[in-house]
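In case you want the letters, here they are:
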Amino acid sequence: MKIVVICILGFSFALLVDAQLASQDTIRLASGTTPLEGRVEVYHAGQWGTVCDDAWTFQDAQVVCRQLGNHMALGVRGLAHYGEGNGIIWMDEVSCNGTEKKLQDCSFDGWGNHDCFHGEDAGVVCWPSAGNTTFGLDGDVRLVNGTSGLEGRVEVLFNGYWGTVCDDYWDMRDAEVVCRQLGYKGALAVYTRAAFGEGTGIIWLNRVYCTGNEEKLRDCFGGAVSTGSVLSCTHREDAGMKCLSHITQQNDTDNKTAVRLVRGFGFSPSEGRVEVLVDGQWGGVCDYSWDVQDADVVCRQLGFRRAIAAVTNATSIYRVSNWNIPLWMNKVTCSGNESSLQECPYGGLGSDFPRCVNTYYHSNTHHHAGVDCLTNRPLVANSKSYSIASPTRRSCMTLYNVHMT
């Protein structure tokens with residue numbers, strides 16, 4: 001605080017002015033490349049402080065972005081993605097339902113109560129409201145009209161105008177590139193035929209062909225904007241997608257730690273078919289001998305608390321359309337204490353696994369392993385049904401009701 005003396009009509013007035021020019025319990029984004037992203041900082045009791053990323057999710061980010069006048073959240077960031085703050089850590093274990101007007105209205109452990117350090121400072125990426133200044137460069141992408149920032153119609157910025165992408169040849173490899181460009185871990189699903197509504201204006205791209213390793217969509221074959229290249233498309237063919245986002249300390253480019261969950265529409269990011277990355281190619285895990293110890297390792301590797309269930313026949317359970325993938329691991333036997341699935345004993349990388357072929361449902365459809373993970377949020381009492389590994393005959397499948405309380 002500082003004292004400022006002003007004179008009006010010969011009278012002197014002493015005013016207390018806050019050096020930060022901030023009102024109580026306001027928030028800001030710090031150290032981002034644009035005003036739409038950055039480390040979340042809260043002004044309380046006369047000083048700015050950070051927010052710990054424990055339990056930090058999209059619902060929390062949605063509240064932050066709307067509080068700052070933006071339309072919605074595009075992404076969450078943890079592990080001091082925007083650099084470590086300094087001073088006090090004001091908030092920890094934040095739990096918003098997504099409808100609060102201010103971050104301070106959400107549940108948290110109390111002002112200044114935490115078990116964190118600044119290497120866990122939380123951040124967000126926001127999507128601006130209509131009429132806000134547009135921050136972007138040619139080739140930037142965004143997802144529009146989804147229920148969260150993780151999904152929507154794909155749009156590309158060129159020459160100051162946003163346009164859509166035609167769904168001709170649109171597949172998971174293209175979606176993987178877009179999701180990583182937006183800062184997410186990877187893609188969950190692709191959608192065609194304007195699943196998120198028809199866009200307006202120009203259709204910038206058509207017949208995009210990505211290998212899946214490009215940094216940006218514009219780096220893909222067909223990713224260069226060309227007027228006249230999309231004359232065969234209409235907005236009824238606008239492409240869409242859904243991304244996966246987790247806060248995790250794993251390095252996704254390292255094959256030793258690369259693991260993901262894949263699922264069809266309608267399932268949460270904490271469940272799905274388990275896939276591992278080997279030599280740049282994603283493949284499945286055979287569900288023979290798959291149990292909760294194995295699932296626990298996968299869930300913790302992805303940043304979740306633990307496993308709720310070890311799921312067998314995951315391709316069918318999670319309605320994954322792409323069943324024809326390589327099987328990289330078989331007869332996984334984790335103790336439950338490993339830091340990654342790849343540290344567990346298993347029956348050989350890329351071997352022929354005849355026990356994993358499910359001829360009952362469809363020839364060559366594999367018995368893929370899956371998991372349902374427990375998030376860091378308090379659970380709401382409900383019930384789910386799974387096809388999970390039997391504790392007595394691990395190669396069989398038995399239907400259980402798993403009650404979460």
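Scroll up a little and you will see the structure.
Computed from a prediction, not measured in an experiment: that's the story for all the values here.

**Some details on the overall build of the protein**
Each helix and strand in the protein was counted, giving four helices and 24 strands. Burial status across the protein gives 52% buried among its 405 residues. As presented, the protein carries roughly 19400 Å² of accessible surface, and 51% of it is formed by carbon and sulfur atoms.

**Some words on helix α1 (residues 58–67)**
Counted residue by residue, α1 has seven buried out of ten residues, so it is predominantly covered. Regarding α1, the residues found buried are F58, D60, A61, Q62, V63, V64 and C65. Of the residues one or two after α1, G69 is the one with positive phi, at around 90°.

**Considering the state of the cysteines**
This model, assessed by the stated rule, comprises seven disulfides. Between the sulfur of C179 and that of C243 lies a disulfide, 2.0 Å long from S to S. Where C179 bonds to C243 through sulfur, the torsion about that S-S bond is close to -90°, and the disulfide is left-handed. You can see C179 sitting in helix α2 (residues 172–181) and its partner C243 sitting in strand β14 (residues 240–244), a full 64 residues away along the chain.

**Considering the nonpolar core**
Counting 46 residues, the largest nonpolar core has W56, L103 and L217 as the members making the most contacts within it. Examining the composition of this core, we find that five residues originate from one element, α1, more than from any other. Contacts of L103, omitting those with residues within four sequence positions, involve V40, V42, V51, W56, D60, V63, V64, Q67, M91, V94 and C96.

**Considerations on the pairing of strand β4 (residues 37–44)**
When you tally the buried positions in β4, you get eight out of eight residues, the bulk of the element. The loop that links β4 with its antiparallel partner strand β5 (residues 47–51) comprises two residues; one of these, A45, has a positive phi angle of about 55°.

Reading the values: rules and limits
Residues numbered from 1 in each chain as written. Predicted model: local features only at pLDDT ≥ 70, side-chain atom pairs only at ≥ 80, totals over all residues. Heavy atoms only, no water. Helix = DSSP H or I, 4+ residues; strand = E, 2+ residues; numbered from the N terminus. Buried < 20%, exposed > 50% of the residue type's maximum accessible area, 1.4 Å probe, protein only. Areas by Shrake-Rupley, 256 points an atom, 1.4 Å probe, with all protein chains shown as cover. Disulfide = S-S within 2.5 Å. Core = buried A, V, L, I, M, F, W, Y, C linked by side-chain atoms within 4.5 Å. Contact = heavy atoms within 4.5 Å. Pairing = 2+ DSSP bridges.

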